[in-house]
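Overview (structure and organization)
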Amino acid sequence: MRNRPAATLSILTALVAGFVLLLALPGQAAGAKPCWERVIDDWLNDGRIDGTYSVKCYQQAQKNVQEDLRDYSNVTDVIQAAMQDALRNPGKTGTGSGPDSTPGNKGDKPRTTQAAPPRSYYRRAIDNLGTTSADSLPIPLLVLGGLGALLLMTAGGLAATKRLRARKPPTPPTAEP
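Notes on the structure follow. (Residues numbered from 1 in each chain as written. Predicted model: local features only at pLDDT ≥ 70, side-chain atom pairs only at ≥ 80, totals over all residues. Heavy atoms only, no water.)

Applying the stated criterion to the full structure yields 4 salt bridges. With a closest N to O distance of 3.1 Å, aspartate 50 and arginine 48 form a salt bridge. Look at aspartate 50 and you get partly exposed, because its relative accessible area is 31%. Residue aspartate 85 pairs with arginine 88 through a salt bridge whose shortest N-O separation is 3.9 Å. Note that aspartate 85 and arginine 88 are positioned in helix 6 (residues 75-88) at a spacing of 3 residues, about one turn of the helix. Judged by relative accessible area, aspartate 85 falls into the buried class, the value being 15%. (Salt bridge = Lys/Arg side-chain N within 4 Å of Asp/Glu carboxyl O. Buried < 20%, exposed > 50% of the residue type's maximum accessible area, 1.4 Å probe, protein only. Helix = DSSP H or I, 4+ residues; strand = E, 2+ residues; numbered from the N terminus.)

A word on the nonpolar core. Val39, Ile49, Tyr58 and Ile79 are the most contacted members of the largest nonpolar core, which has 17 residues in total. Only helix 3 (35-46), helix 4 (55-64) and helix 6 provide two or more residues apiece to this core. At 6 residues, helix 6 tops the list of elements feeding residues into this core. (Core = buried A, V, L, I, M, F, W, Y, C linked by side-chain atoms within 4.5 Å.)

This next bit is on helix 3. Count 3.6 residues to each turn of an α-helix, and residues three or four apart come out pointing the same way. With 12 residues, helix 3 ought to run about 16 Å at 1.5 Å a step, and its terminal C-alpha atoms sit 18 Å apart, in line with that. Taken together, the buried positions of helix 3 are Cys35, Val39, Ile40, Asp42 and Trp43. For helix 3, the arc enclosing every buried residue in end-on projection is 150 degrees, short of the 170-degree limit, so these residues lie on one face. On its buried face, helix 3 sits against helix 4, helix 5 (67-72) and helix 6. With its phi angle positive at about 80 degrees, glycine 47 sits one or two positions after the end of helix 3. (Expected span 1.5 Å × (residues − 1). Arc of directions from axis to C-beta. Contact = heavy atoms within 4.5 Å.)

Quick look at the packing of helix 3 against helix 4 now. At a minimum axis separation of 8 Å, helix 3 and helix 4 run at an interaxial angle of 75 degrees. Taken as axis vectors, helix 3 and helix 4 run roughly perpendicular relative to one another. On the side of helix 3, the interface is formed by Cys35, Trp36, Val39 and Ile40, while helix 4 contributes Cys57, Tyr58, Gln60, Ala61 and Asn64. Split into classes, the residues belonging to the contact of helix 3 with helix 4 amount to 7 nonpolar, 2 polar and no charged. (Axes fitted to C-alpha atoms, helices over the stretch in contact; angles between N-to-C directions. Parallel < 35°, antiparallel > 145°, perpendicular 65-115°, else oblique. Nonpolar A, V, L, I, M, F, W, Y, C, P; charged D, E, K, R; others polar.)

In this structure the tally under the stated criterion is 1 disulfide. Each sulfur in the disulfide pair cysteine 35 and cysteine 57 lies 2.3 Å from the other. Taking the sign of the S-S torsion, -110 degrees for the link of cysteine 35 and cysteine 57, the bridge is left-handed. On the criterion of sequence distance, the pair formed by cysteine 35 in helix 3 and cysteine 57 in helix 4 is long-range, its members being 22 residues apart. Each member of the pair cysteine 35 and cysteine 57 is classed as buried. (Disulfide = S-S within 2.5 Å.)

Rendered as structure tokens:
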């Protein structure tokens, strides 16, 4: 097999171009994660987003959330709340470098959830019925059972009334003098 200088030169040129391209993209080539992935990883740590990221990172994170996380967790709500906080306080928005990337963020308290609204009369009645656990009777079944019992009592009352009227002999008409 003979050595072709033109082929060797083109392979060498391609390797050098690839190496230069690898150096030109240090963030992606060195294994650094995109900012949306850092946002999701921040949430995965403790269920909160402690760091400050740009609004663009939050938007990308919402677009790239895995389907199972979106369906079975509150990650989209937390990302939305963090994005709203970033929009409300534009001076606090970081560059996406991760937790506490802005100098003024060190003394801030973590966000807390709002208090739950007071329970309504309906909710309290449902809770008192004991239908909130999996082994209790569901409310639609209780309602249907009640309606069925009401219909049976109505039918029984009508049948009893009909029998009682059939037993009574009709009163003979009285003749007037």
